[in-house]
Amino acid sequence: MGLLFDIKRYAINDGPGIRITLFLKGCPMSCVWCHNPEGIGKKPVKLYTRKKCIGCQTCVHACPEGALELTRSGIVTDKTKCKMCGTCVEVCPACALEISGREWTVNEAMREIEKETAVMDRSEGGVTFCGGEPLMQPDFLLELLTRCGQEDIHRAVDTTLYASEEVVRRVIPLCDLFLVDLKLMDSEKHRHYCGVPNERVLENLRLVAASDVPYWIRIPLIDGVNADEENIRKSAEFLASLPKPPEMINLLVYHDIGKNKHDKLGTTYNPHQYAMRAPDEATQQRCLDIFAEHQLTAKIGG
Amino acid sequence: MSTQKVAQRAPKSACNFAPSNEANMMGMNDRIKRLRKESFEAQPSLSIERALIETKFYKENEGKYPIPILRALNFYEICKQKTIYIGNDELIVGERGPRPKSVPTFPELTCHSVEDLHILNTRELQRYTISQEDIDTYEREVIPYWKGRTQRERIFNHVPKEWKEAYEVGMFTEFMEQRAPGHTALDGKVYRYGLLDLKDRIQKHIESLDFMNDPEATDKQEELQAMAISCDAAILFANRHADLADEMSMTEKDPKRAAELRRIAEVCRWVPAHAPRDFWEAIQMYWFVHLGTITELNGWDAMNPGHFDQHLAPFYEKGIADGTLTRDQAKELMSCFFIKVNNHTAPPKVGITAKESGTYNDFTNLNIGGVKSDGSDGVSEVSYIMLETIEELHILQPGSAIHISACTPERFLRAGCKVIRQGHGYPSVFNPDVYIQELMRQGKSLTDAREGGCSGCIEVGAFGKEAYVLTGYLNVPKILEVTLHNGIDPVSGRKVGLETGEADSFQTFEDLYAAFLKQIHYFVDMKVRVSNYIDRMFAKYAPATFLSLFIDDCIAKGKDYYNCGPRYNTTYIQCTGLGTITDSLCSLKKHVFEDKRYTMDEMLQAMNDNFVGHEVMRQYILNHTPFFGNDDDKADSVAVRVFNDLYDAIEGKPNTKGECFHLNMLSTTCHVYFGKVMGATPNGRLAGRAISDGTSPSHGADTHGPSAVIKSLGKLDQVKSGGTLLNQRFMPSLLKREEDVAKLASLIRTYFALGGHHIQFNIVDTETLYAAQKCPEDYRDLLVRVAGYSDYFNDMNADLQADVIARTEQESF
């Protein structure tokens, strides 16, 4: 059994070909720019989409705990009373209330993956496990990777690599491609923005680079956080020093789509109001140039 | 199309309008730019010339000749008298009317009233101008003669009361009440034989008629003589163009243009009398044949050259090899041809439909790529030239489709996808590997099936050998509506169906479904009976003696296109609204019969109230019902069941030509009309809103992305139909990168491997469409493809516009 918070078909930005992407819940990091904040916690969370809500109060009447209230800003859940029983979600006619995160058996997940095989086969796509952090649910992930391997489905793991060495060593032989997030080279800054230091990430990346499995690097490019010359240069130097270089470096230009998700979660995006901006084209180009100087292939976008 | 306008557009939307930017205009030379502009700006108008010639001819000659000969002589008279037009810059010549976008009327089929003409002249959308003087002349000369003599009156005088009731409430439409059976495409004959060759052949068949033993010999002789007259008519028509071109060359000051005019004269004296000798003549040959068929009668979907690239490829290769043709010249001629087709707007309808409906265009759907009759890849350099022409011209007509077989090169598919990405609404994409099976299942030979393809919307036929008559659309969701009201149409209150029991008497979903099935059979049978009558009316009173020349085996059999002359004679009923009916049945099944969340009475009450006061219920249905298009077997199995039951109801019903009816699954724009005449449906659709188009999911119901949509569609055994239609809207953002194009290509390949017949893409964003509604003049070239045809967004009525906007946007970020 594992906890998934989303499944996306016709995923064309998560590795080669057309893919199905499974989002495994739970992440050890808490990056301020995270655009899937509902995937961070290890337990299911309730989401509320105000735009969908028709204000019928069916949920208010149905809640056995009396935890819900219709206010001027829509339905508000008293988190001290809510026991996450799911009644309100079941009765909500408009699906304005949802629970993000549901238990899936491996068989259920495989049935979903197999629905996409016709498209995968012809596009040289496959399945991508992302999150959250898929390595947070190693048993579930390893079993899915094994099953997909038996069915000749191309497997990509989209990960921060913030996990124990043992888990990474077990995943390597069952994986066809790593998509590794590399956020900041300075560990202190990494801790500041992502909640954890980066040493483990870099060590595990060395491990991946020493294996036979190809890997891509994905860097969220954020002016004010990591798009500065120093960080990019250090990233390039580090990557160039690895036993084998990444097949591709995707520079993902910052966007604040995560705001919308925070609204649904009832949390605040970027509460400390760090200055974060999409880098301008000149900066993007300079980053590309730095990687090129190190004989590394990089491009803007995933 | 000024460059200034391009500059005003938001860069975000730029990819929808790429053809207007200078980079893409580069391919067009100045001649094509001018011709395109003229065609684009020409205001459609009505020409009464054909009606006047025809009325005078009929007044003097009706009763003097057997009908086929009367029709042929009428055609001859029109060819002899009509105004000949040769425009500046033109290389390919000939217009149906006296000038571009000037449309004749066909009073022998249906005669416009004075009121119709006024409406057409003044209506806001799709206006056809006509002068008061012409309206007066029409009232004096044309209308009185045709009163009581038109096909439309013949038909409506015959139809039984039940049929008329069902027709009036919108249970089905009838194609042939205003136009002749059409949907015709040609094979390669006209590039091998001139009309003089065909006349020789006709003469031989006349000489071998056996009056001793063949009771039909007399009829055959009349038909064959009429065909020979039709040959003369078209040759005369071409020669009149040659004369005019020669005459114009005398006074032409520009020596280059004078030489072109002399060349035009030479071409027109050679074709269509003889088989074409080069690329130019081949295109002009086809164009004269095209004009002949749409002048003779007003057939549905006009006319289509079929596999034009395959037919032209030998001429192209020969010209390139012997140095008489360059690639640029070939493209210029191709562009001239495209503009000619674009000049030909469809004749407008009469009666109530003159106000409400009517598109400007016929459906000349060019088949590009595909397979040759030996099964090998049909793509040639001409195919790529055609794709470039589509991309550069960006005009409404001709429509175009790429035909992608397993043997089609990836390069061609991707080249087609890049044009799709521009957001013109075409080319659409067809799957020969499936439609060849469809045609063979209906009894065509392998070779004839391979030479087939799509003629207009999505229907397929054996080109040059088949009359495939589409009789009209069946409003399948309305059959459920009537079933739920025990045979009564709740919108009009009229009884149109069988009494199959009150809705609350159904104990199980199967009870309901059995009643629904009974009603399906009832309406299908009703429609078939009238269609068969109409078929004979055309065979008797409106033989198409010119068209018959080009469809095997009309000459050999001595029989007309409408009278079993063709090798294959197929009749279709087109079923509309598979998504709406599936979702409605799923809603009743789940909420009323399985979960018992609502009683049948509650459901009917809510539908009756158009869900006003039942919004909670409507939202629950919309969000908690398995809907078609999500790769969910709970819904898809219902769709498969309905599809198979429609097939069983229609397939094999006899037509009048010794063959039978088949199922077709298209809607063109009829889903909008059908939605208008319906109340709210159990799937939460509100009254008056469009029902789903073709076999596409209901608007907004497909929430799992395009791969789930094609999986759902793939569960239908599409080979049992004569065509299905899948409209898939794509946000431009899904096609930004080169690799996205390859991914779109593999999505298409996958759908076709799953047995898909057709798919088309609308690459537009909602913002653009809203902006277009607010400020139409800035979006005049915004072309949208709706359910099998392309139209300018601005030319669509508000309902159609809303329909386009409502289609699901596929987001994958």
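Residues numbered from 1 in each chain as written. Chains lettered and ligands numbered in written order. Predicted model: local features only at pLDDT ≥ 70, side-chain atom pairs only at ≥ 80, totals over all residues.

Scanning chain B from terminus to terminus reveals 32 helices and 17 strands. On C-alpha atoms alone, chain B measures out to a radius of gyration of 26 Å, which is about the 28 Å that the 2.2 N^0.38 rule sets for 813 residues. Each principal axis of the C-alpha atoms in chain B carries an extent, and together these give about 80 × 65 × 55 Å. Sorting the 813 residues of chain B into buried and exposed places 59% on the buried side. Taking as baseline every contact in chain B between residues at least 6 positions apart, the subset at least 24 positions apart corresponds to 78%. (Helix = DSSP H or I, 4+ residues; strand = E, 2+ residues; numbered from the N terminus. Rg over C-alpha atoms; globule rule 2.2 N^0.38 Å. Buried ≥ 20, exposed ≤ 12 C-beta atoms within 10 Å, placed from the backbone. Contact = placed C-beta atoms within 7 Å.)

So, about the interface of chain A and chain B. Across the contact, 20 residues belong to chain A and 23 residues belong to chain B. In terms of residue class, the side of chain A that touches chain B is built from eleven nonpolar, four polar and five charged. (Nonpolar A, V, L, I, M, F, W, Y, C, P; charged D, E, K, R; others polar.)

All names here are of chain B. Strand order across the open sheet formed by four strands is E10-E11-E12-E13, with parallel pairing between neighbours. A single partner strand is all that each edge strand has here, and the edge strands are strand E10 (466–475) and strand E13 (721–724). Across the sheet, the mean angle separating the axes of adjacent strands is 25° when strand polarity is ignored. Relative to strand E11 (residues 568–576), E10 runs parallel, the two sharing eight bridges. When the sheet's bridge partners are listed, Tyr-468 is paired in E11 with Thr-570. Running at roughly 150° to strand E12 (residues 661–665), helix H27 (residues 633–650) makes contact with E11 and E12 of the sheet. (Pairing = 2+ DSSP bridges. Axes fitted to C-alpha atoms, helices over the stretch in contact; angles between N-to-C directions.)

Residues and elements named next belong to chain B. Strand order in the open sheet formed by five strands is E5-E6-E7-E15-E14, and the pairing between neighbours is mixed. The open sheet terminates on both sides in strands that have one partner only, identified here as strand E5 (365–369) and strand E14 (727–730). For this sheet, the mean angle separating the axes of adjacent strands, direction not counted, is 30°. Relative to strand E7 (residues 428–430), strand E6 (residues 399–403) runs parallel, the two being bridged by three bridges. Looking at the pairing, Ile-402 lines up with Val-429 of E7. Most of the contacts of helix H17 (residues 381–393) go to E5, to which it runs at about 135°, and overall it touches E5 and E6.

If you look at the biggest cluster of nonpolar residues, it comprises 273 residues, and the most contacted ones within it are Ala-234, Leu-333, Phe-523 and Ile-748 of chain B. Take this core: its biggest share by element is 14 residues, from helix H22 (residues 509–541) of chain B. If you look at the next biggest cluster of nonpolar residues, it comprises 14 residues, including Cys-59, Ala-67, Ile-75 and Cys-92 of chain A. (Core = buried A, V, L, I, M, F, W, Y, C linked by C-beta atoms within 7 Å.)

With that out of the way, let us pick up the domain arrangement of chain A. Residues and elements named next belong to chain A. Split by domain assignment, chain A resolves into domain 1 (2–42 + 102–300) and domain 2 (45–98). The gap between the C-alpha centroids of domain 1 and domain 2 is 32 Å. On the side of domain 2, four residues touch domain 1, which itself brings five residues to the contact. Classifying every residue of the side of domain 1 that touches domain 2 gives one nonpolar, two polar and two charged. (Domains from an automatic or database assignment.)

Residue and element names in this part refer to chain A. By the criterion of burial, strand E11 (residues 215–221) is predominantly enclosed, with six of the seven residues buried. Here strand E10 (residues 177–181) runs beside E11; their pairing, made up of four bridges, is parallel. The residue of E11 that forms the bridge with Val-180 is Ile-217. Relative to strand E12 (residues 248–253), E11 runs parallel, the two sharing six bridges. Pairing of Ile-217 across the sheet is with Ile-249, part of E12. The β-α-β motif built from E11, the intervening helix H9 (residues 229–241) and the parallel element E12 has right-handed crossover chirality. (Right-handed = clockwise from strand over helix to strand, strands pointing away.)

So, about helix H29 (residues 705–714) of chain B. In an α-helix, one full turn covers 3.6 residues, which means residues spaced three or four apart are oriented alike. For H29 of chain B, a buried count of nine out of ten residues is recorded, marking the element as mostly surrounded by other parts of the structure. Regarding H29 of chain B, the residues found buried are Gly-705, Pro-706, Ser-707, Ala-708, Val-709, Ile-710, Lys-711, Ser-712 and Leu-713 of chain B. Residues of H29 of chain B that are buried make contact with strand E1 (2–11), helix H3 (106–115) and helix H4 (117–123) of chain A together with H27, E14 and helix H30 (738–753) of chain B.

The next thing to look at is the environment of Glu-252 of chain B. Take Glu-252 of chain B: it is sitting in the loop between helix H11 (217–251) and helix H12 (255–270). Sequence-distant contacts of Glu-252 of chain B, that is, excluding residues within four places in its chain, are made with Arg-257, Ala-258 and Leu-261 of chain B.

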